[in-house]
Amino acid sequence: CALAATDATDRGHLLTGGMDGALRLWRLAPPGPADPDQGPGLTKVAEIERAHALSVVSLALSPAGDRAASTGLDGYLCVWDVDRATRVHKIDANMVEAWATAFSPRGSLLASTSQYAKVNLWSIETGQREMTISTVERDKAEARMVMTVAFSSDGSLMATGSSDGSVRVFDVETSKLRHKLDAHALVVRSLAFSPTEPATLATASDDHFLHIYDGRNNQLTAKLSGHKGIVTTTCFNPAGTIIASGGGDCQVRLWDRRARACIYEDTEHQDIVWGTAFCANGTRLASASDDTSLRIWDVAKAS
């Protein structure tokens, strides 16, 4: 199950995608009594049953909330008009060129990662490829699958996480590699930049650890342990003070960014957690799991 949320405070949208190839758009309701038919604080506003012919792999919502992107095992990268629930672009990227995806902060570019150690940058307006960035150094022959990608909040940096456990940080304007971090012992599944500290990066890995890096000096500043399985997803709250994570142990955890400590753990999910996302004001957290549930957590009560 894939999950994405928008930063637009007036929208409050969540987007989910599953193994059936469908996309479902949800609106976070104001805090209050739960709707027993929809789940706590959720209203389903749109569903696209055949968005992809095979399982949905990755989802992203633009910062403004008006566009969504999805990748699937069918090899397509799709861009969607959120308000109309219609497809704007269907890009035949081939399965090896369409894995993870992310919007740039200004919403003009869309990144998609490749099994051949590349990141493609696409124009949202035209659907055409603008640039391809290789994550392989010129003197190295090996090519590692790029599993995840994220942009810094100011749009100046793009980070990638790969199947060999490495993390790379690029200058978006020049497409040049700034740093290579031998970050983890196993696959990097997810990474996220702090919304308030553009150079601060959190990474999640199959080695059961979350790492926090200072991108300005290329230093590991925290190594967070607690998950008893692979860590599949991580994200910051809008204030940059709390990090959420989820993983193969079916747990959702909240971490205090400054104290570098877990402040909450939950085991309500019955299967691997693949997605976490904060709502725009940071008061609630959504988590999506292979148990087919989408759960909404009250962050204040949890922490």
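Residues numbered from 1 in each chain as written. Predicted model: local features only at pLDDT ≥ 70, side-chain atom pairs only at ≥ 80, totals over all residues. Heavy atoms only, no water.

Asker: Honestly, the environment of serine 205 in this entry has me stumped. Any pointers?
Answerer: You can see serine 205 is positioned in strand E18 (residues 200–205). Relative accessible area serves as the criterion here: at 0%, serine 205 is assigned to the buried category. When the C-alpha positions of serine 205 and valine 187 are compared, they lie 5.5 Å apart, and in sequence the two are 18 residues distant. Contacts of serine 205, omitting those with residues within four sequence positions, involve His184, Leu186, Val187, Val188, Arg189, Ile230 and Val231. Within the local environment of serine 205, its side chain forms a polar contact with the backbone oxygen of leucine 186, the two atoms lying 3.2 Å apart. In terms of polar contacts, serine 205 uses its side chain to reach the backbone amide nitrogen of aspartate 207, at 3.1 Å. (Helix = DSSP H or I, 4+ residues; strand = E, 2+ residues; numbered from the N terminus. Buried < 20%, exposed > 50% of the residue type's maximum accessible area, 1.4 Å probe, protein only. Contact = heavy atoms within 4.5 Å. Polar contact = N/O pair within 3.5 Å; in protein donor to acceptor, adjacent residues only side chain to side chain.)

Asker: Looking at this structure, I do not really get the sheet that holds strand E10 (residues 109–113). What am I missing?
Answerer: One key point about sheets: their strands pair by backbone hydrogen bonds, in either a parallel or an antiparallel sense. Taken together, 4 strands build an open sheet; the order of strands is E9-E10-E11-E12 and the sheet is antiparallel. Each having just a single partner strand, strand E9 (101–103) and strand E12 (129–134) make up the two edges of the open sheet. Here the average twist between neighbouring strands, direction ignored, is 20°. By the bridge criterion, 5 bridges tie E10 to strand E11 (residues 118–123) in an arrangement that is antiparallel. (Pairing = 2+ DSSP bridges. Axes fitted to C-alpha atoms, helices over the stretch in contact; angles between N-to-C directions.)

Function cannot be inferred from these measures alone, as they are strictly geometric.
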